[in-house]
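Reading the structure
This is what each chain is made of:
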Amino acid sequence: MSTPPAKRQKRDQYRKRAAAAANEDTGKVKLPQKKFYRQRAHANPFSDHQLDYPLSPAHMDWSSHYPAFVNPDPEQKNLAGARKLLKDVEVVDIGCGFGGLLVGLAPLLPETLMLGMEIRTQVIEYVENRIQALRTQQNQLKNSSTTASESPAPAIPAEPATDGASPDAASTPETSNSPVPGGYQNISALRSNTMKFFPNFFGKQQLSKIFICFPDPHFKAKKHKARIISENLNAEYAYALKPGGLLYTITDVEEYHHWVLRHFREEGEHEASEGGVKDLFERVSEEELASDPCVEVMRESTEEGKKVTRNKGNKYVAVFRRKADPEWPA
Amino acid sequence: MAANFQLPLQCLQYLEKRGAESQRFLIASSGGKIYSYAAETGQRLSSWPQDVDASNANNSKATETETGSEDQAPPEKKRKVSPSEEGPAETSKSTVKASTWSSIPCLVAHSNGDYVIALTAEDKCVRVLRLKDDGTLEQLSERCMPKRPCSIALTDDGNTILCGDKFGDVYSLPLLPGNEPYVAPKLPNRPKVPSATPLTVHSKRNLESLEQQLRYSQKNSTEEKNSLNFQHQLLLGHVSLLTDVAFVTVPQDDNFGKKRSYILTGDRDEHIRVSRYPQAHIIEGYCLGHTAFVTKLCIPQYAPGYLISGGGDDYLLVWKWSEGRILQKVPLVKQESETTQVTVRGIWATSIGGSNIVLVALEGSSNLQCFVLGSDGTLKPQDPIEMSGNVLDVAIMEKDSTIVVSVDCIREKGSTHEWRASPTSPSNLIESFRVKPGTENLEWEPVTESLVTNINMGGSSGIPADADTKQRKELNDVLYSLGNLRKKHGEDD
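Keep in mind the model is a prediction, meaning the values are calculated, not measured. (Residues numbered from 1 in each chain as written. Chains lettered and ligands numbered in written order. Predicted model: local features only at pLDDT ≥ 70, side-chain atom pairs only at ≥ 80, totals over all residues. Heavy atoms only, no water.)

Brief notes about the overall build of chain A
Tallying secondary structure elements over chain A gives ten helices and seven strands in all. On chain A, roughly 16000 Å² of surface is accessible, and the fraction owed to carbon and sulfur atoms is 52%. (Helix = DSSP H or I, 4+ residues; strand = E, 2+ residues; numbered from the N terminus. Areas by Shrake-Rupley, 256 points an atom, 1.4 Å probe, with all protein chains shown as cover.)

What to know about the sheet that holds strand E7 (residues 115–120) of chain B
All names here are of chain B. Taken in spatial order, the four strands of this open sheet run E6-E7-E8-E9, and their pairing is antiparallel. Unpaired on one side and paired on the other, strand E6 (106–109) and strand E9 (137–144) mark the two borders of the sheet. Pairwise comparison of adjacent strand axes, ignoring direction, gives a mean angle of 20° for this sheet. In this structure, E7 lies alongside strand E8 (residues 125–131), joined through six bridges in antiparallel fashion. When the sheet's bridge partners are listed, Ala118 is paired in E8 with Arg127. (Pairing = 2+ DSSP bridges. Axes fitted to C-alpha atoms, helices over the stretch in contact; angles between N-to-C directions.)

As for the environment of Gly310 of chain B
All names here are of chain B. Among the secondary structure elements, Gly310 is positioned in strand E19 (residues 306–311). Sequence separation between Gly310 and Ser46 is 264 residues, and the spatial gap between their C-alpha atoms is 34 Å. Apart from the residues within four sequence positions on either side, Gly310 is in contact with His290, Val294, Thr295, Lys296, Leu316, Val344 and Ile347. (Contact = heavy atoms within 4.5 Å.)

Here's the deal with the interface of chain B and chain A
The interface is formed by 44 residues belonging to chain B together with 44 residues belonging to chain A. In total, about 3800 Å² of surface goes out of reach between chain B and chain A, with carbon and sulfur atoms giving 54% of it. With a shortest N-O distance of 3.3 Å, Asp169 of chain B and Lys225 of chain A are connected by a salt bridge. At the junction of chain B with chain A, the criterion picks out 13 residue pairs in polar contact (both at pLDDT 80 or more). When residues of the side of chain B that touches chain A are traced back to their parent elements, those giving at least two are strand E13 (233–237), strand E15 (259–267), strand E16 (272–277) and strand E17 (283–286) of chain B. (Buried area = accessible area lost by both parts, 1.4 Å probe. Salt bridge = Lys/Arg side-chain N within 4 Å of Asp/Glu carboxyl O. Polar contact = N/O pair within 3.5 Å; in protein donor to acceptor, adjacent residues only side chain to side chain.)

Topic: unusual backbone geometry
Among all residues except glycine, the phi angle is most often negative; among peptide bonds, the trans geometry is most common. In the segment running from Trp48 of chain B into Pro49 of chain B, the intervening peptide bond is cis, with an omega of -5°. When you line up the elements, Pro49 of chain B lands in the loop between strand E5 (44–48) and helix H1 (54–58).

Focus: the UniProt feature "binding site: S-adenosyl-L-methionine" in chain A
Residue and element names in this part refer to chain A. Here, the residues flagged by UniProt with the feature "binding site: S-adenosyl-L-methionine" are Gly95, Glu118, Ile119, Asn193, Thr194, Cys213, Thr302, Glu303 and Glu304. Secondary-structure assignment places Glu118 in strand E2 (residues 113–118). Those residues in contact with Glu118 that lie beyond four places of it in its chain are Gly95, Cys96, Gly97, Val123, Ile124, Leu190, Arg191 and Ser192. At 2.8 Å, the side chain of Glu118 and the side chain of Arg120 are in polar contact. Ignoring sequence-local partners within four residues, the contact set of Thr302 consists of Gly100, Leu101, Cys213, Phe214 and Val297. (UniProt positions renumbered as here; feature names shortened; annotations may be inferred.)

Describing the state of the cysteines
In total, this model carries one disulfide over all chains according to the counting rule given. Shown here is the disulfide that connects Cys125 of chain B with Cys144 of chain B, its sulfur atoms set 2.3 Å apart. The disulfide joining Cys125 of chain B to Cys144 of chain B has a torsion of about -75° about its S-S bond and is therefore left-handed. Highlighted residues: Cys125 of chain B in strand E8 and Cys144 of chain B in strand E9, separated in sequence by 19 residues. The thiol of Cys96 of chain A is unpaired, and the distance to the nearest cysteine sulfur, on Cys213 of chain A, comes to 9.9 Å. No disulfide involves Cys106 of chain B; its sulfur sits 6.3 Å from that of Cys11 of chain B, the nearest cysteine. Overall, Cys106 of chain B belongs to the buried group, its relative accessible area being 13%. (Disulfide = S-S within 2.5 Å. Buried < 20%, exposed > 50% of the residue type's maximum accessible area, 1.4 Å probe, protein only.)

Quick notes on the UniProt feature "repeat: WD" in chain B
The feature "repeat: WD", as given by UniProt, occupies residues 99–139, 237–287 and 289–331 of chain B in the numbering adopted here. Helix makes up 0% of residues 289–331 of chain B and strand 56%. Its end C-alpha atoms lie 14 Å apart.

What to know about the pairing of strand E22 (residues 344–352) of chain B
Each regular strand shows side chains that alternate between the opposite faces of the sheet. All names here are of chain B. Across the nine residues of E22, seven count as buried, placing the element largely inside the fold. By the bridge criterion, eight bridges tie E22 to strand E23 (residues 355–362) in an arrangement that is antiparallel. The residue of E23 that forms the bridge with Ile347 is Val360. Taken together, E22 and the strand that follows it, E23, pair antiparallel across an intervening segment of two residues, in which Gly353 is found at a positive phi of about 55°.

A closer look at helix H5 (residues 194–201) of chain A
One full turn of an α-helix is made of 3.6 residues, so residues set three or four places apart face in the same direction. Counting buried positions along H5 of chain A gives eight out of eight residues, so the element sits mostly inside the fold. Along H5 of chain A, the residues classified as buried are Thr194, Met195, Lys196, Phe197, Phe198, Pro199, Asn200 and Phe201 of chain A. The secondary structure elements touched by the buried residues of H5 of chain A are strand E1 (89–94), E2, strand E3 (187–191), strand E4 (207–213) and helix H6 (231–240) of chain A together with E17 of chain B. Of the residues that open H5 of chain A, the one with a side-chain oxygen 3.1 Å from the backbone nitrogen of Met195 of chain A is Asn193 of chain A.

Details of the pattern of salt bridges
On inspection of all chains with the given rule, the structure shows 33 salt bridges over all chains. With its nearest N and O atoms 3.6 Å apart, the salt bridge here joins Arg321 of chain A to Glu282 of chain A. One end of the pair, Arg321 of chain A, is in strand E7 (residues 316–322); the other, Glu282 of chain A, is in strand E6 (residues 281–283), and 39 residues separate them in sequence. We classify Glu282 of chain A as partly exposed; its relative accessible area is 29%. The shortest N-O distance in the salt bridge between Lys470 of chain B and Glu474 of chain B comes to 3.8 Å. Placement of the pair is Lys470 of chain B and Glu474 of chain B together in helix H4 (residues 469–479), with a separation of four residues, close to one helical turn. On the basis of relative accessible area, Lys470 of chain B is assigned to the exposed category, the value being 58%. One salt-bridge network, in which partners are shared between bridges, spans Lys196 of chain A together with Asp269, Glu270 and Lys487 of chain B.

Quick word on the confidence of the model for chain A
This prediction gives chain A a mean pLDDT of 83; 83% of its residues lie at or above 70. Considering only residues more than four positions removed or in separate chains, one finds that residues 149–175 of chain A, a stretch of pLDDT under 50, has 30 contacts. (pLDDT = per-residue confidence, 0-100.)

Section: the packing of aromatic side chains
Scanning the model with the defined rule gives 20 aromatic pairs over all chains in all. Judged by centre distance (5.3 Å) and plane angle (75°), the rings of Phe98 of chain A and Tyr126 of chain A are edge-to-face. Of the two residues, Phe98 of chain A is situated in the loop between E1 and helix H2 (100–105) and Tyr126 of chain A in helix H3 (residues 121–147); the sequence distance between them amounts to 28 residues. Classification of Phe98 of chain A as buried rests on a relative accessible area of 11%. Tyr126 of chain A sits in the buried class, given a relative accessible area of 4%. Feature note: the residues Trp62, Tyr66, Phe198, Phe201, Phe202 and Tyr237 of chain A constitute an aromatic cluster, connected by ring pairs. One Lys or Arg, Arg227 of chain A, reaches over the ring of Tyr256 of chain A and ends 4.4 Å from the middle of that ring. A cation over a ring is seen here: Lys147 of chain B above Phe167 of chain B, with NZ or CZ 4.5 Å from the ring centre. (Phe/Tyr/Trp six-rings, centres within 6.5 Å; stacked < 30°, edge-to-face > 60°. Lys NZ or Arg CZ within 6 Å of the ring centre and 35° of its normal.)

Written as structure tokens, this is what we have:
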């Protein structure tokens, strides 16, 4: 009874070793291993978690999340006295899980700040460690390539049988030793309950993309209130999105896909047929999605996406564009 | 047996009927009953529901714990309370029995003085009552909401009720339902199939339960989901417990004569949201600055650009709400005492004798704090008024420069749970104060006219002074539930 279960013991040992290794700072950087960070796939969004969140977006300290983008002028401070950034976060992955999407998107949009939000403590710790390790790796690559007498970056093939630039390679960076645009300085993650505290982090029309990938389906009808997509929450997403901004969804549950469509806009549904929050979104056509590399990343490099592929499941994608606010009624 | 305690007046409202001759009433809820008084004399005109038998009202066994627990829904509350009467016509002209509810936590007076909207606690019913010329009340409609409502507001035109509930949703209901029976919109008849498939669930246990569901769904496929049987619309929602709803209409600066309306909603997670009305899905902004739950939103009629908000913080915030900008942080306690936690119970704004007054009561406090709102949106503290018991509600009669305060005559001053040793006779149900004219600072003088004496003499329903602890606790919880909104941080994972 007194000794912790074997699993936790192993985790603790792993963490200790990892911390020790990080302190020693010896050459090779190891990425965290997922098996030591697993957590039950569900969290109750209605309970009061011990969460850290800023009083308002103007009180958020982003400087520790994106040190490479901190405004060089130390006088530039926000309401909470933290250093300001050169630019705002513009892409958010709600329920980022183990961070596959962020890591996949990072080189595609190297100059855009992206944030993953996740409610599970173990999982967010993994993502934080993963991003930290990736950044260190990239820094080392950069340093070695500049010091090692102009020789081209170590041309180790990223992985056999995959073309180096594919997002897949980026998502398995344990083997990718080539420098990546942006060096993963543009991605970060934090723990939050977005259903409650989304407006504490992001102001009006701040975001250009929101991703909701393989959300918890909450199969039981009684639990539908806990779904991350609902008319009420869509109003909050609309608030944070710029006009023209995109909201990406992907799920492997067909019923949930129809739920998503019902709560935004069905294809071919008449304009203004219903009113409500649906007025604020329009669905992006399949042709347009075909040329959007983000959709490919969403399908293939998220952990959940890979799992669905392994299990030969289906993937349903729907993307919506934020329209401008309608006129005030006369 | 010792003398009885008198059940205090939980809600107090003043209203004025705009007819050929103006009539003025005070309406109060106490326990499961609503009383109407003539505002001039304090004479009790009626009590609703009428056919209540006295023993029933005193029977606190009917006091369900429902009103007391405001925290996250524990599982045993999942049960559905079915509406007492099925059928589309909810205009039950017949008399209503009081046995189904023990308190009326919310009472709203219609601006034209003809209607009173009351919320009964246990059955979650929004009831619209007509106030007749003789002061009697007649129920026009009862509409049971799916979740317990926390706050009720009326739109400016007075035709729509806005009702915020503990699930974070705001519904709009017409004040007076139309004559045609309500027909629920036909939902496309989706066959009931589990949404999970072997493609989406994989573990052995999940696959087994899916199999079971498939078998089960084939057996009983027809099961009607009972929905609300009256006209309603979901306007907006927070993923939190909603605590207050405010409605405001402001004229546009650049567009002459045009007005815009907004709904402001406060929740347990420190947010105040500003949404358009009627396009409530468009969020105009947030007022973020509280560090504890919000309980009250007050937009003074004389200065609709300002919002005064309060809750579990030991300060009020004055906002320019259209910009989400804090104008002032107003301390509510004299010295920083870390031990006591304060909760704002009510904020009232009125304009008397040219000064814009804001009154604030804290939960379980006999001190009514007074402020004057300056034209720059800052609150200047004035001398507070000390009551004989905890402040429960305030009704304002602007024409007479008078406020009527309902006070708690059962519990000790400053306590939400300690009862007085013995009831006073007659009990102080209300106290009243008038602004002293011609003084530079805001000064109040007590009103001792028949209004006060008659209401206090009249009493309400009695509670035996030897009520047991359980009964006392239930009664305390009915009146003082705001403290339960405070978060208790426990183990987290």
